[in-house]
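# Architecture at a glance
These are the residues of each chain, in order.
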Amino acid sequence: MSTLEIFNPATGARIAQLQADTPASVVAKAQAARAAQAAWAATALADRKACIARFRASLVAEIDTLAALLTSEMGKPIGMARGEIQGLLGRIDFFLDAVDLATTTETVYAQDGMREQIEHVALGVVANISAWNYPWFVGGNVFVPALLTGNAVLYKPSEFATLTGLAIARLLHSAGVPQDVFTTLVGTGEVGAALLVQDIDGLFFTGSHATGAKIAHTLGPRMVKMQLELGGKDPTYVCEDAHVANAAASLADGAMFNTGQGCCSVERVYVHEAIYDAFVAAFTTTVTGFKMGDPTHEDTYIGAVTRAPQLAVLQAQVDDAVAKGARLECGGKQRSGPGNWFEPTVLSQVDHRMDVMREESFGPIVGIQKVANDQEAVALMNDTRYGLTAGVFTPNEQRARALLARVRAGTVYWNCCDRVSPRLPWSGYADSGMGLTLSTYGIATFTRPKAWHLRQG
Ligand code: NAD
């Protein structure tokens, strides 16, 4: 029987050893989910909503222990861990409010004895293969609306957030969701790959483009509904009329929050040449003020890097940039000692020959590039294979709207960044993925619209 070992990335200590799923247990869990789904879909929506409301109440009751668990397995500073669970409460409230509207059968035609209706039917059994960086958020964006709309969920948390995944299952079950309607699969990518080949009606994935591409390759010929929420290399342009101090403070936070491990973290900053030097100075001052250290401390802002191999990726990006002429404003290296630590790093005088401006960093490093005008900024923002979010800082809304209309990104920000709302759809262009979560569209996505043609006989 294979095991999954869980390490604390802040200390390097092993904190748990779990029994991992096997090919046979994955098959058994998928079959049990299939057998359980119809009864769950037949349950009144009000009863499914009551289960999710009880789940929400248990998050409130256990928030401190759940936050500590998340911090222990992924190194997220404790305040941010609590903030993530707190943030999920608002998302649950949105889903509870909006699910009736998104799933009510619509009569779209009624004339001469003929009626036409659209019914929103649960997909059936959905697999959710998830990432570790915001496990409550990215998991909740899928399993909450999927359960509300009557699906059974096979949930494969990341191997770096499995303790949180097991806690989610425990709380859902004690809130009344049947065991086989929400099932956790424990293991690495091998277990995820075994899940893909089961009898599923939908696959909802959050993770890297590399894994997403493998999944698309496997599932494509089977015509299974597939949603892939993948990486980003998210840019922001700071115009010459922007408030320098405000923009620098907001963007430094957007780049470094969650130790830079966000799909919508700010990874590229383009600044108009008229304010470039002042902006770099203000940005660097903010970043050097961020406290890095023990993530269990309330005042820690920069925690551990969750995955040890990412340290080499970050170092290679810094070294590549510096070798090609970038200036290291602060940070730039790993911290020695136990655990996975990388100093918050700001690189100026960067350009698009450098990996730091092209490849996802997913860590506490950011590049700031000087631009001469709006035209150049838009061209550089679009010079990427990704397209998750993009932003513009300027007091002029018309100018921001005109610029952002030309940027290929699923989400755009005016004078803000690194922000997700349950009321708005979350989606990406190009290598940032396909499909969407959140908003009423992100509820409907767990249903299939069934067309009814009804004539009185
Ligand atoms: P990852 O691709 O390494 O792993 C994601 C999940 O896929 C894990 O559960 C893993 O076990 C599983 N997996 C790995 N190989 C598999 C395979 N062959 N078949 C099936 N499953 C497999 O990604 P990660 O490191 O967990 O997450 C970081 C990435 O996620 C970043 O690129 C980030 O930008 C992205 N992300 C995107 C969003 C979004 O909303 N677009 C949100 C969060 C994270």
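Data block above holds the structure.
Residues numbered from 1 in each chain as written. Predicted model: local features only at pLDDT ≥ 70, side-chain atom pairs only at ≥ 80, totals over all residues. Heavy atoms only, no water.

Bringing the pattern of salt bridges into the picture now. Side chains that differ in charge, positive against negative, can pair when their charged atoms come close. Evaluation of the coordinates by the stated rule reveals 24 salt bridges. Where D383 meets R358, a salt bridge forms, and the shortest distance between an N and an O atom there is 3.2 Å. In this pair, D383 is assigned in the loop between α11 (374–381) and β15 (389–393) and R358 in the loop between β13 (345–348) and β14 (365–371), connecting sequence segments 25 residues apart. Overall, D383 belongs to the partly exposed group, its relative accessible area being 30%. Several salt bridges share partner residues, and in doing so they unite E240, D241, D374 and R399 into one network. (Salt bridge = Lys/Arg side-chain N within 4 Å of Asp/Glu carboxyl O. Helix = DSSP H or I, 4+ residues; strand = E, 2+ residues; numbered from the N terminus. Buried < 20%, exposed > 50% of the residue type's maximum accessible area, 1.4 Å probe, protein only.)

Taken together, 29 residues surround the ligand, and among them K156, E159, S208, T211 and E360 come closest. Note that an oxygen atom of the ligand is positioned 3.2 Å from one of the backbone N or O atoms of G207. Burial of the ligand by the protein amounts to 90% of the accessible area it has alone, namely 860 Å². For the shell around the ligand, the secondary structure elements donating two or more residues are α6 (189–196), β8 (202–206) and α7 (209–219). Counting residues per element, the shell around the ligand draws most heavily on α6, which supplies 3 residues. Shared between two domains, the shell around the ligand holds at least three residues of each, these being domain 1 (3–230 + 432–455) and domain 2 (234–421). (Near = heavy atom within 4 Å. Polar contact = N/O pair within 3.5 Å; in protein donor to acceptor, adjacent residues only side chain to side chain. Areas by Shrake-Rupley, 256 points an atom, 1.4 Å probe, with all protein chains shown as cover. Domains from an automatic or database assignment.)

As a further point, take the packing of aromatic side chains. Enumeration according to the criterion identifies 11 aromatic pairs in this entry. Through pairs of rings, three or more aromatic residues link up here, namely F55, F143, Y155 and F182. Lying over the aromatic face of F137, R91 brings its terminal NZ or CZ to 3.8 Å of the ring centre. Taking the ring centre of W341 as reference, the NZ or CZ of R335 above it sits at 4.4 Å. (Phe/Tyr/Trp six-rings, centres within 6.5 Å; stacked < 30°, edge-to-face > 60°. Lys NZ or Arg CZ within 6 Å of the ring centre and 35° of its normal.)

Take the side chain of R48 next. Mapped onto the fold, R48 is located in helix α2 (residues 45–74). In this structure the side chain of R48 is engaged in a polar contact, spanning 3.3 Å, whose partner is the backbone oxygen of W40. Within the structure, the side chain of R48 is placed 3.1 Å from the backbone oxygen of A41, a separation counted as a polar contact. Among residues more than four places away in sequence, those in contact with R48 are W40, A41, T43, L147, L148, T149 and G150. (Contact = heavy atoms within 4.5 Å.)

Here we come to the sheet that holds strand β4 (residues 114–122). Strands pair in a sheet through their backbones, by hydrogen bonds, and they do so in one of two ways: parallel or antiparallel. As summarised here, the arrangement of the 3 strands in space is β3-β4-β18, forming an open sheet in which the pairing is antiparallel. If you trace the sheet from one side to the other, it starts and ends with β3 (106–111) and β18 (447–455), each paired once. Put simply, the sheet's adjacent strands are angled 20° from each other on average, direction ignored. Of the pairings in the sheet, the one linking β4 to β18 comprises 9 bridges and is antiparallel in character. For A122, the partnering residue across the bridge sits in β18 and is T447. (Pairing = 2+ DSSP bridges. Axes fitted to C-alpha atoms, helices over the stretch in contact; angles between N-to-C directions.)

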